[in-house]
Amino acid sequence: MHALVTGSAGFIGHALSRHLLAAGHTVTGFDGLSPYYDVALKRARHADLARDPGFEAVEARLETPGALLDVMARAKPDLVFHLAAQAGVRYSLVDPGAYVEANLVGFANLLEAVRAHPVRHLLTASTSSAYGGNASVPFRETDRAVSPLTLYAASKLANEAMAHSYAHLFRVPTTAFRFFTVYGPWGRPDMALFLFTRKILAGEPIEVFGEGAAERDFTYIDDLIDAIVALSERPPPLPGEGGPVSTADTLSAVAPYRLVNIGGGRPVRLDAMIGALEAALGRKAERVLKPLPPGDVIRTHASTDLLHALVGRLPETPLATGIPAFVKWYLDYYGDQ
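Source: prediction; values computed, not measured.

## Re the sheet that holds strand 4 (residues 79-82)
Read from one edge to the other, the open sheet built from 7 strands follows the order 3-2-1-4-5-6-11, with strand pairing classed as parallel. Single-partner strands in this sheet number two, and they are strand 3 (55-59) and strand 11 (257-262). Each strand axis lies, on average, 20° off the axis of its neighbour in the sheet, ignoring direction.

## A closer look at helix 10 (residues 319-334)
For helix 10, built from 16 residues, the straight-helix expectation of 22 Å at 1.5 Å per residue is met to within 8% by its first-to-last C-alpha distance of 21 Å. Within helix 10, burial applies to L319, G322, I323, F326, V327, W329 and Y330. Buried residues of helix 10 fall within an arc of 165° about the axis and therefore sit on the same side. Of the exposed residues in helix 10, those oriented more than 90 degrees away from the buried face are A320, K328 and D332.

## Some points on the side chain of H301
Relative to the elements of secondary structure, H301 occurs in the loop between strand 13 (287-290) and helix 9 (305-311). In terms of polar contacts, H301 uses its side chain to reach the backbone carbonyl oxygen of G265, at 3.1 Å. Leave out the neighbours within four places in its chain, and H301 touches V137, P138, F139, F180, D217, G265, R266 and P267.

Rules of the game
Residues numbered from 1 in each chain as written. Predicted model: local features only at pLDDT ≥ 70, side-chain atom pairs only at ≥ 80, totals over all residues. Heavy atoms only, no water. Pairing = 2+ DSSP bridges. Helix = DSSP H or I, 4+ residues; strand = E, 2+ residues; numbered from the N terminus. Axes fitted to C-alpha atoms, helices over the stretch in contact; angles between N-to-C directions. Expected span 1.5 Å × (residues − 1). Buried < 20%, exposed > 50% of the residue type's maximum accessible area, 1.4 Å probe, protein only. Arc of directions from axis to C-beta. Polar contact = N/O pair within 3.5 Å; in protein donor to acceptor, adjacent residues only side chain to side chain. Contact = heavy atoms within 4.5 Å.

Here it is, written out as structure tokens:
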């Protein structure tokens, strides 16, 4: 099987590509290596993948007209995993244009490339931020998501709607999945676990937003990849060729399209996460408590009913296992700063 992975130099794209290569598949990685965070880390991820002869890296941006179209014509992938995006909730308040270009224009170009070169299954990443101001927990895929709190969340909701329209018009089986606070080795430097680790090791205070009471449905990277790969084997059927797998199913009545949460369904308070990090580092953090910044929510909590119905298992790695694995990678990569 040949897969095309956009965002292959990113945290999740790298982990997915690594998994696919280890399973004996070939992977074309497509990534623009944007400078949103440390490009050296992104290049290190690609270098890690390049040790496998089944990997080919393409350095290009989705926003560039025709760039992905040319790669699709040559590679002829069976599956496309779309993980490239301008990420970050708070950065969307700083540079909204980056989200319009990468997440809207870039995604439109991806859909056109898949339209021209159909694949067995298109899998595209969304976010738990799409639930926005939804006060009902756990967050169910069938909830109306009409109150995004940031442009990032709005752009991902737009991606879901765009993907559904192309699935309807051109009959490309499409699964969109909403991630819930993914963490682990090779993680993103802009995320809390990475930032806290760096600051604790440097003896600097950490800013704890929500005063430690905010809760997140943390998902370990290996669990996430396991779920994505399992979902890739369950493309949504064409209308009339199959029905919902459960009452929680989001299978469209007019398109081979489905939306799925990927999370463990077990929210953890931020101060408990910090406690687990302190234990893994063997150091205490100096905490500066602050209110939630604009665009953040107090709690994320995934409904896992649909994911379990589709793949028969759920993310289960606890923080007590996942955080030491991240710390070990961090110290191996950066050293004890």
